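# Structure assessment
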2 protein chains.
Amino acid sequence: MEKQHDRIRIKDIAQLAGVSVGTVDRVLHSRSGVSPASRRKVEEILQQLNYQPNMYASALASNKKYNFACLLPSHSKEDYWDDVESGMFQAVSAFSDFHISLNTFYYDQYEFGSFVETGNRLLESGADGVVLAPTIEEETSRFVGKLRQSDTPYIFIDSNIPRLSPLAFYGQHARKSGYFAARILHLLAQGSREIVLFRQIYEGRLGSNQQLHREEGFYEYMKKHCPDMKMRELNLYVKQPGQDEMLLDEFFRAHPHINCGITFNSKAYLVGEYMLKHGRKDFHLMGYDLLRRNIACLKAGTIDFIIAQQPTVQGYNSIECLCNHLILKKKVKSCNYMPINLIAEDNIDFYFDAHVCEQSTTILS
Amino acid sequence: MEKQHDRIRIKDIAQLAGVSVGTVDRVLHSRSGVSPASRRKVEEILQQLNYQPNMYASALASNKKYNFACLLPSHSKEDYWDDVESGMFQAVSAFSDFHISLNTFYYDQYEFGSFVETGNRLLESGADGVVLAPTIEEETSRFVGKLRQSDTPYIFIDSNIPRLSPLAFYGQHARKSGYFAARILHLLAQGSREIVLFRQIYEGRLGSNQQLHREEGFYEYMKKHCPDMKMRELNLYVKQPGQDEMLLDEFFRAHPHINCGITFNSKAYLVGEYMLKHGRKDFHLMGYDLLRRNIACLKAGTIDFIIAQQPTVQGYNSIECLCNHLILKKKVKSCNYMPINLIAEDNIDFYFDAHVCEQSTTILS
DNA sequence: CGTACCTTTGTGTGCGTACACAGAAAGGAT
DNA sequence: ATCCTTTCTGTGTACGCACACAAAGGTACG
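This is a predicted model, so every value here is computed, not measured. (Residues numbered from 1 in each chain as written. Chains lettered and ligands numbered in written order. Predicted model: local features only at pLDDT ≥ 70, side-chain atom pairs only at ≥ 80, totals over all residues. Heavy atoms only, no water.)

## As for the packing of aromatic side chains
A ring pair, where both rings are aromatic, is described by two values, the distance of the centres and the angle of the planes. Under the criterion given, the structure shown has 35 aromatic pairs over all chains. On the numbers, 5.8 Å between centres and 80 degrees between planes, the contact of Phe169 of chain B with Tyr337 of chain B is edge-to-face. With Phe169 of chain B in strand S5 (residues 168-171) and Tyr337 of chain B in strand S12 (residues 335-337), this pair connects stretches of sequence that are 168 residues apart. Given a relative accessible area of 2%, Phe169 of chain B falls into the buried group. On the basis of an interplanar angle of 45 degrees and a centroid distance of 6.2 Å, the ring pair of Phe264 of chain B and Tyr288 of chain B is categorised as tilted. Note that Phe264 of chain B is positioned in the loop between strand S9 (260-263) and helix H11 (268-277) and Tyr288 of chain B in strand S10 (residues 284-288), a separation of 24 residues in sequence. Looking at Phe264 of chain B, the relative accessible area reads 1%, which means it is buried. On the accessibility criterion, Tyr288 of chain B (1% relative accessible area) is buried. Through successive ring pairs, a cluster of aromatic residues spans Tyr56, Phe95, Phe98 and Tyr316 of chain A together with Tyr56, Phe95, Phe98 and Tyr316 of chain B. (Phe/Tyr/Trp six-rings, centres within 6.5 Å; stacked < 30°, edge-to-face > 60°. Helix = DSSP H or I, 4+ residues; strand = E, 2+ residues; numbered from the N terminus. Buried < 20%, exposed > 50% of the residue type's maximum accessible area, 1.4 Å probe, protein only.)

Next comes the structure, spelled out in structure tokens:
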């Protein structure tokens, strides 16, 4: 615990370059008012010494306030998006020393107009950085175009649209995740040659792109490893629970031997609760996302495995990334795939404590 | 990006309490020299306002140097402990603004005297915080006794000895992890009624406690879910590769129908490479830890699944925890189980980017 | 040669906290 | 009342950086 100052300070650089700290500061922030000679000399020494600014002192000195905003599908409590949001607010509180705040904007996922209208409200709020779920490619493209005009960085969460080159993306590699899910379901099938895919249709549309890509990965595995597997699809409609139950009844009456299924959205509990109600313990089910009702099924034994994609972490990391970029001027990683985690009843308890954060690679801006 | 100071500062509290910042500072650090009346008044306001110190300003002001030390089994490159160590150094660099340093001390895992001797050298080095792997309970007890005398916080990594009440523990719940492994291996067995457990004997002893606990969890699952499963154990000896190959030859000659096995240490590659050499693709193998050779087997298809325990994260979090405790005076969580992650070839790419860090719960010291 | 003006450079102050030190108040002994 | 402790409290400086402002140097032109 001895006192010491071994780190290079601006003062040290100034001394070595034979200029004042002010000049060094101007070079570091590439501001005007420095003679070419001085600039060159300072830059030279800067390179030699690999100067790392003390980010605490830096944040302390420039005590600005940063307003972030997020644009998410409107959601209820215990939804996937609720976890994402909670992660973001965790980060806001963790980095509260940087004077950041977060405004939330919600749009109706199934109405294009809503996205546009909400997006405009966000733009008016004057955010310094934005996190959004690019569920609607066309409208997202127009939206980020406006953000670009004001040089506002934006981060994509959950799914990615690389051509719109966001500052960063946090989400799962959906296709590979479906591939992995297939591997596990294949094991669960235990030689059975038939599998059912439960799909959720909402307002006539099949949920998200993520869901589609998971299916792709799933089919890719099956085609490669067991081409003779028969895959049936059953569409459910969420909004009419009575109808869904009828559809399930009907399906299992028609295919009584099928003992294995998967959902590629977060609504596995629809099937899990159905099995629980009908006392079917022999059916093997997989799904996505650790919603409360999914967890209940997992513990009750009607869902075997859940693939988690750490929504909280995605939210947390998005905000952290904005801080790193805007405040600490660190270089951030642009494509961040979340781990594909397989959760059973046995290991679920050790999943929630943890949250992932990106490796910190400090680079001068 | 407007200027603003909405956070409560020491100055604010001083003003409200009608004292000076010096007095508030004394109360905050529970130092002497404050009249009972002043102390009471300050504490009252402190509670009302839920004051959160600006840790950046705090770290900046008290620019002390902290020396940490770790006491690990000696290891080679690409070993499990090497990843732990690398995580620790990542943290040291991430928190370099706090002026921390880390000294490493290695002991021979299989020689009690070595632990004692290395431990004494560590004590002499005058560390402010220690991270150690408590592989030898008896000697660890004596060692932490001495640390306690100087009030030096210590963190257990990999395995835990709760009665020695470390500041924190980072590691996997070994029994549950074995239980989970059994569930997956059970699926892999696909109805086969015989399984082999490969064990590594080293200097006449069976590796670590962790290894034993995993076996316990494994047997617990099997007893519960498939009591008629026949479990064979095959001891290997690591140091004599020729002999191990002979033992494997012998075993598979005696049990040609066994197609499923697991190791509870990080040496699954011994078996995986054997299978590769003999061109056996039908054997299903599981193991622990993502060593380079294990990963190679995973990609070659002779290891089906690996259970990862994020050694890098364990190391990183240990150091982070010491910083939180010593420097930021945050309250730290004492028992931190790592997630139990199942890794296949499909999802391994998304595992390394990520590292877990604990949730930050700022509490006044 | 002086003034105006621009470019370049240096200095000073503040961010919120820690800590050393000085000063004030209170009490006791002479 | 004076002096000396012993509490107790306020002030000042430092931490490393950002930014505003002042000062210095140079050039152009009357």
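Once the structure has been displayed, the description carries forward.
## Description of the sheet that holds S12 of chain B
Residue and element names in this part refer to chain B. Here six strands make up an open sheet; going across it, the order is S2-S1-S3-S4-S5-S12 and the pairing parallel. Both outer strands of the open sheet, strand S2 (100-107) and S12, are each paired with one neighbouring strand and no more. In this sheet, adjacent strand axes meet at a mean angle of 15 degrees when their direction is disregarded. Pairing analysis gives three bridges linking S5 to S12, with the strands arranged parallel. Residue pairing across strands places Phe169 opposite Cys335, the latter belonging to S12. Its contacts with the sheet put helix H7 (residues 137-149) on strand S1 (66-73), strand S3 (129-132) and strand S4 (154-157), and the angle it makes with S4 is roughly 155 degrees. (Pairing = 2+ DSSP bridges. Axes fitted to C-alpha atoms, helices over the stretch in contact; angles between N-to-C directions. Contact = heavy atoms within 4.5 Å.)

## Side note on the pairing of strand S10 (residues 284-288) of chain A
Residues and elements named next belong to chain A. For S10, the tally of buried residues reaches four of five residues, placing the bulk of the element in the interior. Here strand S9 (residues 260-263) runs beside S10; their pairing, made up of three bridges, is parallel. Considered in S10, the bridge of Gly261 is made with Leu285. On the question of chirality, the crossover connecting S9 to the parallel S10 by way of helix H11 (residues 268-277) is right-handed. Taken together, the three bridges between S10 and strand S11 (residues 305-308) define a ladder with parallel strand orientation. Note on S11: the bridge partner recorded for Tyr288 is Ile307. The parallel pair S10 and S11, bridged by helix H12 (residues 292-300), forms a crossover whose chirality is right-handed. (Right-handed = clockwise from strand over helix to strand, strands pointing away.)

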